[in-house]
Amino acid sequence: MSKDTIVIREIEPQDNRQIEQVIRDCFHEFKIPLEGTAYSDPETSKMFESYQNENDVYFVIESNGEVLGGGGVKPLTDFENEICEIQKMYFSPKIRGKGYGKILFEKCTESAKQLGYKQCYLESASQLKAAIHIYESCGFKHLPNALGNTGHYSCGVWMIKDL
């Protein structure tokens, strides 16, 4: 897969089914709990509709009409309005290890700044070691416990970064 076939763009309605499949497949592949995570989150089946507010955005990575990953920014639920959450960042094995995760992650943090957020928060599962490494390399610091009310009680990694 050559880099010139890869496009990172905002989600469109027709992307819902494909990004939902990418997200759900990661849970099975990495043996992440299905309950208390994005797997059981009602937004996962309607990602386009879930990111249509003025203070959020979701991007997909596409190659030749196939959605291979995505990630987004939203206000952190039930918390200060200056903190956003980077959420639902998952990738197909077809594009892992090629640098697209870091590119998308940086696009999300840049979008968070443009949306006026002062800090970015994220939650992850300890099984996602490569993702956690990217977060750490981008300046995210580990927190001792969760912030806000994401409903993702099975996530055991919480991180934050000043923008």
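An account of the accompanying structure is given in this report. Positions within a chain are numbered from 1, following the residues in the order the chain's sequence is written. Local features in this predicted model are restricted to residues whose pLDDT is 70 or higher, and side-chain atom pairs enter the listing and the counts only when it is 80 or higher, whereas totals over whole chains, interfaces and linings include all residues. Where side-chain values are given, they derive from all heavy atoms of the structure, hydrogens and water being excluded.

## Observations regarding the environment of Gly101
Secondary structure counts use DSSP, requiring at least four H or I residues in a row for a helix and at least two E residues in a row for a strand, with both numbered from the N terminus. Following the sequence through the fold, Gly101 ends up in helix α3 (residues 100-114). Put simply, Gly101 and Ser126 are 25 residues apart on the chain and 17 Å apart in space, counted from C-alpha to C-alpha. For Gly101, the contacting residues outside a window of four places in its chain are Phe91 and Ile134. Throughout, a contact is declared for two residues whenever any of their heavy atoms are within 4.5 Å.

## Remarks on the packing of α3 against helix α4 (residues 129-137)
Axis lines are fitted to C-alpha atoms, over the contacting stretch for helices. Their N-to-C directions set the angle, which ranges from 0 to 180 degrees. Axis separation between α3 and α4 bottoms out at 10 Å; the angle between their running directions is 50°. Relative to α4, α3 is oriented oblique. Relative to α4, α3 is oriented so that their crossing is right-handed. On α4, the residues that touch Gly101, Lys102 and Phe105 of α3 are Ile134, Tyr135 and Ser137. In the scheme used here, Gly and all other residues not listed as nonpolar or charged are polar, with Ala, Val, Leu, Ile, Met, Phe, Trp, Tyr, Cys and Pro taken as nonpolar and Asp, Glu, Lys and Arg as charged. Of the residues in the contact of α3 with α4, the class split is three nonpolar, two polar and one charged. Geometric relationships in this document are graded by angle, where less than 35 degrees denotes roughly parallel, more than 145 denotes roughly antiparallel, 65 to 115 denotes roughly perpendicular, and other angles denote oblique. Put simply, a crossing is left-handed when the front helix is turned counterclockwise from the back one by less than a right angle, and right-handed when it is turned clockwise.

## A short note on helix α1 (residues 16-29)
Compared with an ideal rise of 1.5 Å per residue, which puts 14 residues at 20 Å, α1 spans 20 Å between its outermost C-alpha atoms and is within 8% of the ideal. Those residues of α1 lying buried are Asn16, Gln18, Ile19, Val22, Ile23, Arg24, Cys26 and Phe27. Where α1 ends, the next residue or the one after it, Lys31, has phi of about 55°, a positive value. What a helix should span is 1.5 Å times the count of its residues minus one. Exposure is judged per residue with a 1.4 Å probe applied to protein chains only, and the accessible area is read against the type maximum: over 50% gives exposed, under 20% gives buried, and values in between give partly exposed.

## A look at the sheet that holds strand β7 (residues 157-162)
Reading across the sheet, the seven strands line up as β1-β2-β3-β4-β5-β7-β6 and stay open at both edges, with mixed pairing between neighbours. Single-partner strands in this sheet number two, and they are β1 (6-10) and β6 (141-142). Where β6 meets β7, two bridges bridge the pair, whose relative direction is antiparallel. Of the residues in β7, the one forming a bridge with His142 is Met159. Two strands make a pair as long as DSSP finds a minimum of two bridges between them.

## Topic: the nonpolar core
Side-chain atoms within 4.5 Å link the members of a nonpolar core, which is a set of buried Ala, Val, Leu, Ile, Met, Phe, Trp, Tyr and Cys residues. Within the largest apolar cluster, 25 residues are counted, with the highest numbers of intra-cluster contacts made by Val73, Ile86, Phe105 and Phe140. Every element with two or more residues in this core is listed here: β2 (57-63), β3 (66-75), β4 (83-91), α3, β5 (119-124), α4 and β7. Looking at which element gives the most residues to this core, the answer is α3, with five residues. Beyond its immediate chain neighbours, meaning those up to four positions away, Phe105 contacts Ile86, Met89, Leu122, Ile134, Tyr135, Cys138 and Phe140. Ranked by size, the runner-up nonpolar core spans 18 residues in total, among them Ile32, Ala38, Phe48 and Val60.

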